[in-house]
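Residues per chain, in single letters:
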Amino acid sequence: MTEATSDYARPTALPEALALLAAGPRTVLAGGTDLYPATQAQRLAGPLLDITALDGLAGITAGPDGLRIGAGTTWTALAEADLPPALVALQQAARLVGGRQIQNAGTLGGNLCNASPAADGVPPLLVLGAEVELASVRGVRRLPLERFVLGVRKTALAADELLTAVHIPAAALAGRSAFVKLGARAYLVISIAMVAVRIVAERGQVVEAALAVGACSAVARRLPAVEAALVGAPLSEVAARITEAEVAAALSPIADIRGTADYRLEAACVLLRRAVTQALPVEEPA
Amino acid sequence: MAISVNGTDIPVPDDPRVSLLDLLRERAHLTGTKVGCNQGACGACTVLLDGERVLSCLTLAVQADGRSVTTIEGLGDGAALHPMQQAFIDHDGFQCGYCTPGQICAAVAMLRELQGGVPSYVTADLAGQGTVTAEEIRERMSGNLCRCGAHNGIVEAILQVAKEQAA
Ligand SMILES: Cc1cc2nc3c(=O)[nH]c(=O)nc-3n(C[C@H](O)[C@H](O)[C@H](O)COP(=O)(O)OP(=O)(O)OC[C@H]3O[C@@H](n4cnc5c(N)ncnc54)[C@H](O)[C@@H]3O)c2cc1C
Ligand code: FES
Ligand code: FES
């Protein structure tokens, strides 16, 4: 075994992990489900920090200011947790990330740090106004998710920082959400487009709407203008108020091997209409 | 520092970068577990880690320290096949057989999840206790690919075991 292959650490305490990151560059290994495919080699190279044994990195806790989801929480743990209806979208996304084996290993933190435009975790967190918690030996800071994922494979994470958790503010736990994804086939696909919506309704009208679209732009986006147009809508009209012109203005969709820009725009609109219909409370028959 | 593999302790390798897959095949000579893509996409390397299905190509052997691994070689009791193995034979759940060990390990864990009431994306009635349908099986087995296209036989085999267990 050479020096390079032995530089592997699997600490159990966060301060130890942060000290290692502060001492020099190190690749963080969580579930490895993005890291191994990206490596293209038989083995992971360079100094490694394996965070799968870190105490307190996984798990979901509720507090007065909202929910805290540990970065090491797996998709399986998210899918099986007992969470408010506002998190249905995140739980649906969790059940659609790869197959069950990927869900058993892959983490929410890895999904965000990998910063793929097709990361299924991002739109459901955007409609929840999520913030990320970043820790280093210098201290802990919080950033809105929009200011963390900056571009394709680009985040605001500093070299000595670890993503430790995602926070959902209490105010965003209202209403019900839904997640709909379009791939080239039914199972195990990279999203061509995916959407998450969260709707709060009172007395048959929308009082709050949050919509986000992923895989159509370099970074998943909220659609504030479309959201504003939904507020006040009677429940029966919500889907019809989502127009292609407004979605286009908010998105400027990308074209790639998985779909053209026009196709993505049309798909995004159809998915948004489906998602709001799923998220709406069932109307009582008159 | 040992991993229990099918009930036998195997020392954790000195080299921390050895995958669980390589440990099983190259060091423990348990070649039932197959290498397909070696990057998480095909499911051929699926084994059970403390009863949960994992991809051994994405798991480092050191991460299994102190835990218990079951491979296709350890599913039966030595004399008799595991019911899932028998059902795959009865329903032609394979052609070349390369994906089969992974399919069978995944199927064993999957039925346990389903019967434990763990919902999938296609579960309509979240309160209903794990109804075993072909649709549920296809969704839940989506992480195991079969390039020979034996999926229909695989679904039938799993349905048979589910029926036997319910009886
Ligand atoms: C077959 C297959 C299917 C997939 N399907 C989907 C899908 O449908 N939708 C989807 O969104 N994704 C999918 N993925 C991608 C992947 O599974 C997810 O993005 C997963 O959530 C990544 O998490 P991980 O823990 O495995 O991350 P890792 O691979 O361990 O890490 C990913 C990146 O994040 C960094 N990192 C991880 N955790 C932290 C942390 N706490 N702090 C700082 N940096 C960190 C790592 O250094 C690495 O750069 C799929 C992958 C495979 C192999
Ligand atoms: S060899 Fe592990 S998933 Fe393909
Ligand atoms: S039987 Fe040949 S790959 Fe499945």
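Criteria and cut-off values
- Counting restarts for each chain, with residues numbered from 1 along the sequence as it is written.
- Chains and ligands are labelled sequentially in the order written, the chains with letters from A and the ligands with numbers from 1.
- Where local features are concerned, this predicted model is filtered to residues with pLDDT of at least 70; where side-chain atom pairs are given and counted, the filter is 80 or more; whole-chain, interface and lining totals use all residues.
- Here contacts are defined at the residue level, using C-beta atoms placed from the backbone and a cut-off of 7 Å between them.
- The way it works is that DSSP assigns letters per residue, a run of H or I at least four long becomes a helix, a run of E at least two long becomes a strand, and they are numbered from the N terminus.
- In this analysis a residue is considered near a molecule or strand if the C-beta atom, reconstructed from its backbone, is found within 6 Å of that molecule or strand.
- Residue polarity is assigned by list, with Asp, Glu, Lys and Arg as charged and Ala, Val, Leu, Ile, Met, Phe, Trp, Tyr, Cys and Pro as nonpolar; anything else, Gly included, falls into the polar class.
- The axes are straight lines fitted to the C-alpha atoms, using for helices just the contacting stretch, and the angles between their N-to-C directions are given from 0 to 180°.
- Reported orientations rely on four angle classes, namely roughly parallel under 35 degrees, roughly antiparallel over 145, roughly perpendicular from 65 to 115, and oblique for the rest.
- Here a crossing is taken to be left-handed if its near helix is turned anticlockwise relative to the far helix by less than a right angle, and right-handed if that turn runs clockwise.
- Here a nonpolar core is just a set of buried residues of the types Ala, Val, Leu, Ile, Met, Phe, Trp, Tyr and Cys, joined wherever their C-beta atoms sit within 7 Å.
- Every C-beta atom is placed from the backbone, and the number of other C-beta atoms within 10 Å of a residue's own sets its class: buried at 20 or more, exposed at 12 or fewer, partly exposed in between.
- For the domains described, the bounds stem from an automatic or database domain assignment.
- Only when DSSP finds a minimum of two bridges between them are two strands counted as paired.

Under an unreviewed UniProt entry, the name given to chain B is 2Fe-2S iron-sulfur cluster binding domain-containing protein, and the organism recorded is Frigidibacter albus.

Where an unreviewed UniProt entry is consulted, chain A appears under the name Xanthine dehydrogenase family protein subunit M, with the organism given as Frigidibacter albus.

Our next topic: the interface of chain A and chain B. With 24 residues of chain A in contact, the opposing surface of chain B contributes 25 residues. The greatest single-element share of the side of chain A that touches chain B, amounting to five residues, is contributed by helix α6 (residues 100-105) of chain A.

For ligand 1, the set of nearby residues contains 33 residues, the closest of which are A30(A), G31(A), G98(A), G110(A) and C113(A). Bordering ligand 1 are residues originating from chains A and B. Those elements that provide at least two residues to the shell around ligand 1 are β2 (27-29), α3 (35-39), α6, α7 (108-114) and β10 (162-169) of chain A. The biggest single contributor to the shell around ligand 1 is α7(A), with five residues. For the shell around ligand 1, the residue count by class is 19 nonpolar, twelve polar and two charged.

Turning to the packing of helix α3 (residues 83-90) of chain B against helix α4 (residues 100-115) of chain B, a few remarks are in order. Any two packed helices are characterised by how steeply their axes cross, that is the angle between the axes, and by the distance between the axes. All names here are of chain B. Running from N to C, α3 and α4 point in directions that differ by 125 degrees, and their axes come no closer than 10 Å. Between α3 and α4, the crossing angle belongs to the class labelled oblique. Seen along the crossing, α3 lies across α4 with a hand that is right-handed. In this structure, α3 contributes M84, Q85 and F88 to the contact, and α4 contributes T100, I104, A107 and V108.

Let us now look at the nonpolar core. Of all hydrophobic cores here, the largest spans 141 residues; its most connected members are A193(A), V195(A), V197(A), L211(A), A268(A), L272(A) and A275(A). What L211(A) contacts, discounting residues up to four positions off in sequence, is V127(A), V195(A), V197(A), R222(A), L223(A), V226(A), E227(A) and L272(A).

Residues and elements named next belong to chain B. When its domains are assigned, chain B resolves into domain 1 (2-75) and domain 2 (83-166). Counting from both sides, the interface comprises 15 residues of domain 1 and, opposite them, 13 residues of domain 2. The set of elements that each furnish at least two residues to the side of domain 1 that touches domain 2 consists of β3 (46-49), β4 (52-55) and α2 (72-75). Ranked by residue count, the leading element in the side of domain 1 that touches domain 2 is β3, at three residues.

Residues and elements named next belong to chain A. Segmenting chain A into domains produces domain 1 (60-172) and domain 2 (176-279). Measuring from the centre of the C-alpha atoms in domain 1 to the corresponding centre in domain 2 gives 20 Å. Contacts between the two partners involve 24 residues from domain 1, matched on the other side by 23 residues from domain 2. For the side of domain 1 that touches domain 2, the secondary structure elements donating two or more residues are α5 (88-96), α8 (122-126) and β8 (149-151). Residue contributions to the side of domain 1 that touches domain 2 peak at five residues, all from α5.

Residue and element names in this part refer to chain A. Taken in spatial order, the five strands line up as β4-β5-β10-β6-β7 in an open sheet, and their pairing is antiparallel. Of all the strands in the sheet, the pair left with one neighbour each is β4 (60-63) and β7 (139-144). On average, adjacent strands in this sheet sit at an angle of 25 degrees to one another, irrespective of strand direction. Bridge count for strand β5 (residues 66-70) against β10 is five bridges, and the pairing is antiparallel. In the strand pairing of β10, G66 is matched with P169. Of the strands in this sheet, β6 (131-136) and β10 are in contact with helix α2 (residues 14-23), which crosses β6 at around 75 degrees.

As a further point, take the sheet that holds strand β3 (residues 48-50) of chain A. Residues and elements named next belong to chain A. Spatial ordering of the open sheet is given by β1-β3-β2, a layout of three strands whose pairing is parallel. The open sheet has two free edges, formed respectively by β1 (8-9) and β2, since each of these has just one partner strand. By the bridge criterion, three bridges tie β2 to β3 in an arrangement that is parallel. In the strand pairing of β3, T27 is matched with L48.

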